[in-house]
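Given next are the chains, with one letter for each unit.
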Amino acid sequence: MDYVSTRNRERKVSAAYAIANGIAPDGGLYCPTSFPALTEADWKTLAESDYKGRSALILGKFLTDFSAEELADFAAKAYDDEKFGGADTAPVVKLSEGKNLLELWHGPTCAFKDMALQMLPHLLTASLRKTGETRTACILVATSGDTGKAALDGFHDVPGTKIMVYYPVDGVSPMQKLQMATQEGANVEVIDAQSAVKRIFTDDETRAQLDKDGMMLSSANSINWGRLAPQIAYYVSAYCDMVKAGTIRQGDRINVCVPTGNFGNILAAYIAKQMGLPVNKFICASNRNNVLTDFFKKDGEYNRNRDFYTTTSPSMDILISSNLERLLFFASDFDDRMVAELMAKLNGEGSYKVASDVFAKIAADFDAGCCDDEHAAETIHRLWTEEKYLCDTHTAVAVRVYEDYRARTGDETPTVIASTASPFKFCRAVIEALGGTLEKDDVTQLEVLSGLRGVPAPETLAASAGKTSRFDRVVDKADILSTVALLKDL
Ligand SMILES: *Cc1c(COP(=O)(O)O)cnc(C)c1O
């Protein structure tokens, strides 16, 4: 299968090339040029497989330059039972009134990013080999959320790679900061920096120096196809599990509701639909940073010129949802010129408007809504008291937006709601939502939440709390380029 840039579909590359390079030279995102269909035989195999088998089958449809044996081996390693705390890698928990929570946080860092970032190192190192790349791949990750720890965990001590994570001093939760600061591995570095990492990617001198030292830059953010492709499988897997549980029958339609930031997770569900997953509506849930809600409600007008808010769901605090670019490409039947024009407008003026025929196609598939911190907290409290289900702040946003959607439209289609983080990753906000009292001087608050509700904290989070920090470097924005020199000594 060929891949092309969303901004230029003339130049075709392989999946391995797309994964090794992350982003296209024209600034566009690599996409497949068609969608492989799931056959009846595939569905039968999927139904009978465990998560590892399902993942390998779906990846095999897109990564045609990888062998079935390779992908089965990668899936077995990435979704190892021990790492995911049991055989149920991505379980579906059925609650009342159409809510089916797809728990994507049973991996080693307790966030849904693990689903992709445990797989990406395998895909990336194989891609480097397949494309004849001999330099060391330096993964630079800029994050305000869960990507940092999940990427560190996935890449630590992976041969042929080095990884450096940048995050804003005050823009991550205490638990997130602790998880990253205590990361083990000889090839890792964590820097408490203000954004500006993009400057490194675009600085020719820096790239030339790295090349001289036998290194190249790569990305673990969701612009990389190797990060997105592994996410398609869990929507198909959830469907198979719901058929098995008798919630739906094979062929029935479902809705999919996703707490959205960069638009990667919900786009993976959209791609699953193009392969044949029967989806009625995608419900795009945002917090107070509701640029996407406005996009869907205002007929395809995207405008990032607005205030930015810090919320209790920080992984969704985003003004530019990069993967929306891929949706525009798909919905316009791969119109690269249109996408390039819209993205130039976004870069220049900070806004664009999609042509009405393209937007009509998007509107047929998508609904959207947003929810502020107060309503998210109320939802956490209510889910606990009414259904004995404890969810985190991001998941709460999605549950609330789904409930509003159902009340507004009367649509009672069974709905998969992506549950994207363990409640223990966002203890403070969850404890406050439940009406509990925070323990002074307790960075993690793990025991408070655990005691409050009699649910044990995940072992990996408790383990971070007991470790000593290895990283405490703070760098000023102006000195960001100097940090690249650190890569040499890793
Ligand atoms: C990253 C993240 C999201 C947003 O996912 P996107 O793919 O960026 O839309 C939502 N919730 C949590 C907990 C996350 O870590």
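Residues numbered from 1 in each chain as written. Predicted model: local features only at pLDDT ≥ 70, side-chain atom pairs only at ≥ 80, totals over all residues. Heavy atoms only, no water.

S.K.: When you look at the overall build of the protein in this model, what are you seeing that I'm missing?
M.R.: Scanning the protein for helices and strands turns up 21 helices and 16 strands. Evaluated residue by residue, the protein yields a buried proportion of 58% over its 490 residues. Put simply, of all contacts in the protein between residues at least 6 apart along the chain, 74% involve residues at least 24 apart. Of the accessible surface of the protein, which amounts to about 19,200 Å², a share of 47% is contributed by carbon and sulfur atoms. The average position of the 53 basic charges and that of the 68 acidic charges among the side chains of the protein differ by 2 Å. (Helix = DSSP H or I, 4+ residues; strand = E, 2+ residues; numbered from the N terminus. Buried < 20%, exposed > 50% of the residue type's maximum accessible area, 1.4 Å probe, protein only. Contact = heavy atoms within 4.5 Å. Areas by Shrake-Rupley, 256 points an atom, 1.4 Å probe, with all protein chains shown as cover. Lys, Arg positive; Asp, Glu negative; His and termini not counted. Charge placed at Lys NZ, Arg CZ, Asp CG, Glu CD.)

S.K.: How should I be thinking about the sheet that holds strand β3 (residues 30-32) in this particular structure?
M.R.: To summarise the sheet geometry, strands pair through backbone hydrogen bonds and adopt either a parallel or an antiparallel arrangement. Taken together, three strands build an open sheet; the order of strands is β2-β1-β3 and the sheet is antiparallel. Each edge of the sheet is formed by a strand with only one pairing partner; in this case those strands are β2 (8-13) and β3. Within the sheet, the average angular offset between the axes of one strand and its neighbour, ignoring direction, is 40 degrees. Bridge count for strand β1 (residues 3-5) against β2 is two bridges, and the pairing is antiparallel. Bridge pairing in β2 links Tyr3 to Val13. (Pairing = 2+ DSSP bridges. Axes fitted to C-alpha atoms, helices over the stretch in contact; angles between N-to-C directions.)

S.K.: Please clarify how the sheet that holds strand β4 (residues 92-94) should be interpreted in this entry.
M.R.: Ordered by their spatial adjacency, six strands build an open sheet running β4-β5-β15-β10-β11-β14, and the pairing between neighbours is mixed. Edge positions in the sheet fall to β4 and β14 (366-370), since each of these pairs with one other strand and no more. On average, adjacent strands in this sheet sit at an angle of 25 degrees to one another, irrespective of strand direction. Note that strand β11 (residues 279-286) and β14 share five bridges and pair parallel.

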